[in-house]
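# Summary of structural features
Below are the chains, spelled out letter by letter.
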Amino acid sequence: MYKILYVDDEPDLLELGRIYLESWEDFTVDTRTSVSDSLPLLGDMQYDAIISDYQMPGTDGLEFLKKVRADYGDLPFILFTGRGREEVIIEAIDNGVDFYVQKGGEPQAQFRELAHKTRKALERWRAMDAQKKAHEIIHALLNTPPEVSLLIDTNGKILGLNTAATIRFGKSEEELVGSDAYNLFSTGLAQFRRENVQEAIRAKKPLVFYDGRTGRMYENHIFPIISPEGEVRSVAIYSRDTTEAQQSQNELRSAYDQLAAAQEELRSRYDELRQNRDNLKESEEKYRILVEHTQDGVFIAQDGRLAFVNGSLAQIIGYTEEDLAGRPITDVIAPDDRERVLTRHRGRIRGKFLPETYEFSLLHKDNNTRIRVRMNVGTGTYLGGPSTIGTVHDLTAERAREEELRESERRFRKIADATVEGLLMHREGIIQEVNASACALSGYTRQELIGKNIMDLFAPESRELVTERRLSRSEEPYEAFAERKDGSRFLGEMRSQNIIYHKVAIRLTSIRDITAQRQAGNSLREINKKLHLLSGITRHDIKNKLTSLLALLDLARNANDNRKMREYIDRLISITETIDNQVEFTRDYQELGILQPAWANVHELVRTAAAGVDRGKIRLINTRDNLEIFADPLIEKVFYNLLDNAVNYGDTLTRVTIHSEEMPDGFRIIVEDDGIGIKDKEKDRIFERGFGMNTGFGLFLTREILAITGMTIRETGIHTQGARFEISVPKAACRVKSARKKPGKKKP
């Protein structure tokens, strides 16, 4: 018996439908007139299917379908409605409706159709549910055993597999299903497995084979799956890793072999024990020779007295072996150390755990001289009684060498601290020691530097280079940017050597600040550049103009009519003005970079520069935004040149606008006009010296002045629509000053 929920806003139709459905099918039908009344039932009761009208007050049938699919999955849903619009049907199908039955016509026929579609939806749903459960059972059966399970077709294509297979092959189920199983193995191993599979298919019988070519042992079972027609359609493969089991068998076999060998060994041990007895006497003789000839002192103390000493110990403290035999051990220990040594001796005899190695001073026979020694001591048995047995090493020579080494290190530190270059000893990148110059260069104290990673002393852009040189143990000099404790940086010349210090391989790196040297070199190059340029102007450009002047003067002197004379005089005046501009440029260019850069307000710079330009009726829009830039004192000429060029060559010019924009890396100052603009092919050349309709120096000088403090300029306008110059100012060279309030009376 199936339980059906039927929803329609027509009560009479609901009752008629319930009667028909319950009389024709094994259905129990609950009816409701709205979706809002139906939803609580779905939460409280178990329904096998839902029949719903489409057009109902409040929530319609499509919205009801969406809620059912969202909350109850694939529960069968039949839409029973009189609306037959195509868009309604499409939307219902898109949202997972099982069937769509249209109202109208003979009642008994339409309800039979509804009953049929409901029965069909239920049967399909039950079949899908059974298939899903069967799939879950098969999946569980495949994944329960730890062995790898594969199902392939006769060509090796993977049809199915279990989780163990995905783990062994290191791929997901989606990657493996549909792929060639033989591609999971090397060429030789794939051929071997293909032959075994083909043999099982040919014989139509299960086949077992073992494979240990990959270093692990696998037991493989092949089961050909035969169709009712007697043909092999697919092959099931089960593979079990028997490596550990095989190892266990091998270990068990090895244990049996070892047991047999042990029996043989026991037989030979008796002979060995007898031989050892003979060897013991020989060993005692060798030990006696060793004790007598070692340079370290050897002693046995028992009951507070020296039971035995060798010749070396007697010689260290000025006695003979006979003098020391039976003497209390306190007689040879310096008074300051007697109590400590005796306390440890007694505690050790009682079985107390105490340090086996420590230092103390022996007392010479002269009762004055102290000999510093290192003792290594333990407990044992001597002549049947408990005793202390130990060795004594004279530290006199070692301490002298250590003092000499300390003195050498003191001399080394004095020399290192007197060195101008910073010196850093580092091992595996960790600083072990530094000199005073390294502290002065870095701004850190010696205590702060020792233990610090040497990479922390370099700028990020140089760390890769320094790391590469350190790891390659290169001793070639190179340059890198270093960072001080306060964040400032300098250019350093680096030299490293790989040395042995205190028996440990370390790297000694020297660093010298060459910032001033490099800046001096840059200044010299800049001076040479200026001299070369100024020389070219004075020697070449002005000389050419003078040649033209002389030629025109000669022509003017011989001219016979006034028109020609005026033409020559006009050209003479033009050339003279050009020479004057060139001389003026050399003066400006010579002064470029001489004075220190300073902060200047952009609005005031433009206002001052504009005062020297005859603009006529051309309008100047100079935006006040309190932007200041750090620039060479000649910065005013930048804005003068840009305004002068706009006025002289703008053609249709009526307006020049100057404003600024904040950018992520600083500010952008924009000088733009509505004149004729600049041709695309000339945009890059206008900043070259000599290019242009006049002297060709204005924009060249503009670029050079800006470059002094890291600013750049480019032209980005559109020809025929106006010129647009963009000056990029880095963050370090710009700031915005807050506007000062004008003094005045306070508001009441």
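Here the structure is shown first, and the text comes after it.
In short, a report on the structure.

Rules behind the numbers
Residues numbered from 1 in each chain as written. Predicted model: local features only at pLDDT ≥ 70, side-chain atom pairs only at ≥ 80, totals over all residues. Heavy atoms only, no water. Phe/Tyr/Trp six-rings, centres within 6.5 Å; stacked < 30°, edge-to-face > 60°. Helix = DSSP H or I, 4+ residues; strand = E, 2+ residues; numbered from the N terminus. Buried < 20%, exposed > 50% of the residue type's maximum accessible area, 1.4 Å probe, protein only. Lys NZ or Arg CZ within 6 Å of the ring centre and 35° of its normal. Pairing = 2+ DSSP bridges. Axes fitted to C-alpha atoms, helices over the stretch in contact; angles between N-to-C directions. Contact = heavy atoms within 4.5 Å. Core = buried A, V, L, I, M, F, W, Y, C linked by side-chain atoms within 4.5 Å. Salt bridge = Lys/Arg side-chain N within 4 Å of Asp/Glu carboxyl O. 1 Å grid on protein atoms, 1.4 Å probe; cavity = no way out; pocket = protein on both sides within 12 Å on 5 of 7 lines; lining within 4 Å. Points joined across faces, edges and corners; volume = space filled by probe spheres on them. Nonpolar A, V, L, I, M, F, W, Y, C, P; charged D, E, K, R; others polar. Parallel < 35°, antiparallel > 145°, perpendicular 65-115°, else oblique. Left-handed = near helix turned anticlockwise from the far one by under 90°. Expected span 1.5 Å × (residues − 1). Polar contact = N/O pair within 3.5 Å; in protein donor to acceptor, adjacent residues only side chain to side chain.

In the structure shown here, the tally under the stated rule is twelve aromatic pairs. Each ring, one from Trp 599 and one from Phe 630, has its centre 5.3 Å from the other, and the planes form 50 degrees; the classification is tilted. Taken together, the residues Trp 599 in strand 21 (residues 598-601) and Phe 630 in strand 23 (residues 627-631) connect sequence positions 31 residues apart. For Phe 630, a relative accessible area of 28% gives the class partly exposed. One aromatic cluster is present, built from ring pairs that chain together Tyr 6, Tyr 20, Trp 24, Phe 80 and Phe 111. The ring of Tyr 358 is capped by Arg 344, whose NZ or CZ atom sits 4.3 Å from the centre of that ring. For Arg 735, the ring lying beneath its charged end belongs to Trp 599, and the centroid distance is 4.1 Å.

Moving on: the sheet that holds strand 9 (residues 218-226). The antiparallel open sheet is built from five strands, whose spatial order is 7-6-10-9-8. Only two strands of the sheet have a single neighbouring strand rather than two, namely strand 7 (158-161) and strand 8 (207-211). Mean inter-strand twist for the sheet, computed between neighbouring axes without regard to direction, equals 20 degrees. Contacts from helix 8 (residues 187-203) reach strand 6 (148-153), strand 8, strand 9 and strand 10 (232-241) within the one sheet, and its direction differs from that of strand 8 by about 165 degrees.

Membership of the largest hydrophobic core comes to 39 residues, with the highest contact counts inside it found for Ile 629, Ile 635, Phe 639, Ile 669, Phe 725 and Ile 727. Elements that contribute at least two residues to this core include exactly helix 19 (602-611), strand 23, helix 20 (635-649), strand 24 (655-663), strand 25 (666-673), helix 21 (698-707) and strand 27 (724-730). Those residues in contact with Phe 639 that lie beyond four places of it in its chain are Val 602, Leu 605, Val 606, Ala 609, Ile 669 and Ile 727. Leu 313, Val 332, Leu 342 and Val 377 belong to the second-largest nonpolar core, a separate cluster that totals 23 residues.

Before going further, it helps to spend a moment on the pattern of salt bridges. Taken as a whole, this structure holds 41 salt bridges when the rule is applied. Of the charged contacts in the structure, one is a salt bridge between Arg 119 and Asp 26, with a shortest N-O distance of 2.4 Å. Of this pair, Arg 119 sits in helix 5 (residues 107-143) while Asp 26 sits in the loop between helix 1 (11-24) and strand 2 (27-32), placing them 93 residues apart in sequence. The salt bridge partner of Arg 240 is Glu 219, with a shortest N-O separation of 2.8 Å. Remark: Glu 219 occurs in strand 9 and Arg 240 occurs in strand 10; sequence separation between them is 21 residues.

A few words on empty space enclosed by the protein. In total, this model carries six cavities of 30 Å³ or more according to the counting rule given. What lines the largest cavity is a set of 19 residues, among which Phe 299, Ile 329, Ile 333, Phe 360 and Met 375 lie closest to the centre. Every element with two or more residues in the lining of the largest cavity is listed here: strand 11 (297-302), helix 12 (335-349), strand 13 (357-363), strand 14 (370-382) and strand 15 (385-394). Surrounding the second largest cavity, 15 residues form its lining, Leu 150, Phe 185, Arg 193, Asn 220 and Ile 237 being those nearest its centre. Secondary-structure elements contributing two or more residues to the lining of the second largest cavity are strand 6, helix 6 (163-169), helix 8, strand 9 and strand 10. Top element by residues in the lining of the second largest cavity is strand 6. It accounts for three residues. By residue class, the composition of the lining of the second largest cavity is eleven nonpolar, two polar and two charged.

Glancing now at the packing of helix 2 (residues 35-44) against helix 3 (residues 61-72). Remark: helix 2 packs on helix 3, axes separated minimally by 12 Å, with the N-to-C direction vectors making an angle of 15 degrees. With respect to each other, helix 2 and helix 3 are oriented roughly parallel. Like other packed secondary-structure pairs, helix 2 and helix 3 cross with a definite hand, here right-handed. Here Val 35, Ser 38, Leu 39, Leu 42 and Gly 43 of helix 2 come into contact with helix 3, specifically with Phe 64, Lys 67, Val 68 and Tyr 72. Residues belonging to the contact of helix 2 with helix 3 are distributed by class as follows: six nonpolar, two polar and one charged.

With twelve residues, helix 3 ought to run about 16 Å at 1.5 Å a step, and its terminal C-alpha atoms sit 16 Å apart, in line with that. Here the buried face of helix 3 lies against strand 1 (2-7), helix 2, strand 3 (49-52), strand 4 (77-81) and helix 4 (86-94). The N-terminus of helix 3 is capped by Asp 60, whose side-chain oxygen sits 3.2 Å from the backbone nitrogen of Leu 62. In the stretch just after helix 3, Gly 73 is the one whose phi turns positive, near 65 degrees.

On to the environment of Lys 452, then. Mapped onto the fold, Lys 452 is located in the loop between helix 15 (446-449) and helix 16 (460-471). Through-space distance from the C-alpha of Lys 452 to that of Ile 431 is 5.6 Å; in sequence the pair is 21 residues apart. Apart from the residues lying within four places of it in its own chain, the contact partners of Lys 452 are Gly 429, Ile 430, Ile 431, Tyr 444 and Leu 457.

Taken in spatial order, the three strands make up an open sheet running 21-23-28, and their pairing is antiparallel. For this open sheet the edge positions go to strand 21 and strand 28 (734-736), each flanked by a neighbour on one side alone. Across the sheet, the mean angle separating the axes of adjacent strands is 30 degrees when strand polarity is ignored. Of the pairings in the sheet, the one linking strand 21 to strand 23 comprises four bridges and is antiparallel in character. Following the sheet pairing, Asn 601 is matched in strand 23 by Glu 628.

So, about the side chain of Asn 435. With respect to the helices and strands, Asn 435 occurs in the loop between strand 17 (430-434) and helix 14 (436-442). Judged by its relative accessible area of 2%, Asn 435 is buried.

Here strand 18 (residues 478-483) pairs with strand 19 (residues 489-501) via six bridges, running antiparallel. For Tyr 478, the partnering residue across the bridge sits in strand 19 and is Met 494. Adjacent in sequence and paired antiparallel, strand 18 and strand 19 are bridged by five residues, among which Gly 487 carries a positive phi angle near 95 degrees. Summarising the sheet, strand 19 and strand 20 (residues 504-513) pair through ten bridges and their orientation is antiparallel. Within the sheet, the bridge partner assigned to Tyr 501 lies in strand 20 and is Val 504.

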